[in-house]
Amino acid sequence: MTPDQVLGTWKVISFKATTGDQVGFPLGEHPTGFIGFTANRFWVMLVDSDGERPVATAVTDAESVALMKSSAAYTGNYKIDPMAAPDGNKITIHVDAASNRALAGTNRVFFMRVGGDKLTLTSPSVLVPVTGQTSVVKLEFAKAD
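What comes next concerns the included structure. The model shown is predicted, which means the values in this text are computed figures rather than measured ones.

A full pass over the atoms with the stated rule returns three salt bridges. Taking the shortest distance from any N to any O, the salt bridge between Lys143 and Asp145 comes out at 3.5 Å. On the basis of relative accessible area, Asp145 is assigned to the exposed category, the value being 59%.

This part is about the layout of surface pockets. Gaps left between atoms show up when a probe the size of a water molecule is rolled over them. One number sums up the size of the largest pocket: a volume of about 380 Å³. In terms of residue class, the lining of the largest pocket is made up of 19 nonpolar, four polar and two charged.

Let's shift gears to the packing of aromatic side chains. Applying the stated rule across the entire model yields three aromatic pairs. When the ring of Phe37 is compared with that of Tyr78, the centres are 5.2 Å apart and the planes differ by 85°; the resulting orientation is edge-to-face. One end of the pair, Phe37, is in strand β3 (residues 31-37); the other, Tyr78, is in strand β5 (residues 71-85), with 41 residues separating them in the sequence. Under the relative-accessibility criterion, Phe37 is labelled buried at 4%. Clustering of aromatic rings is evident, with ring pairs tying together Phe37, Phe42, Tyr74 and Tyr78.

Turning our eyes to something else, we now look at the side chain of Asp48. Summarising the element assignment, Asp48 is placed in strand β4 (residues 41-48). Despite its burial, Asp48 pairs with no opposite charge; the closest candidate is Arg53, at 10 Å N-O. Once you skip the residues sitting within four places of it in the chain, Asp48 turns out to touch Leu27, Gly28 and Ser70.

Turning to the environment of Asp4, a few remarks are in order. Among the secondary structure elements, Asp4 is positioned in the segment before β1 (8-19). Each C-alpha atom, one on Asp4 and one on Phe37, is 9.4 Å from the other, the two residues being 33 residues apart in sequence.

How each quantity is defined
- Residues numbered from 1 in each chain as written.
- Predicted model: local features only at pLDDT ≥ 70, side-chain atom pairs only at ≥ 80, totals over all residues.
- Heavy atoms only, no water.
- Salt bridge = Lys/Arg side-chain N within 4 Å of Asp/Glu carboxyl O.
- Buried < 20%, exposed > 50% of the residue type's maximum accessible area, 1.4 Å probe, protein only.
- 1 Å grid on protein atoms, 1.4 Å probe; cavity = no way out; pocket = protein on both sides within 12 Å on 5 of 7 lines; lining within 4 Å.
- Points joined across faces, edges and corners; volume = space filled by probe spheres on them.
- Nonpolar A, V, L, I, M, F, W, Y, C, P; charged D, E, K, R; others polar.
- Phe/Tyr/Trp six-rings, centres within 6.5 Å; stacked < 30°, edge-to-face > 60°.
- Helix = DSSP H or I, 4+ residues; strand = E, 2+ residues; numbered from the N terminus.
- Lys, Arg positive; Asp, Glu negative; His and termini not counted.
- Contact = heavy atoms within 4.5 Å.

Next up, the structure:
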């Protein structure tokens, strides 16, 4: 895989988390959102599109909690290991800003595959902030631009 294959914007198709033999959907079965790659920066914004909408723009405390658990957003510099592993090329994202500030300063590691207009990211076993469970996460995207 060449770095040029990932450049641009990608629309989420699915986001699954597997814990043991249980498959879950941390942001619902129909998430919406995008990831993007520039030459050295990654960004992501994913939302549970089936989640309940707040009544007004000024949200209550309970709505704020629900919104935090129904989205994921972060950005950072990334590096792609040029050596492909059986699960794909390893990508490490050094998070420098995130909606969940506990992620700032951490590294998010995925194995990435690109085929035509499809991109797949699969994590090793990680703590999923919105569920609190340690899971293997698999995200699928389609080229958006």
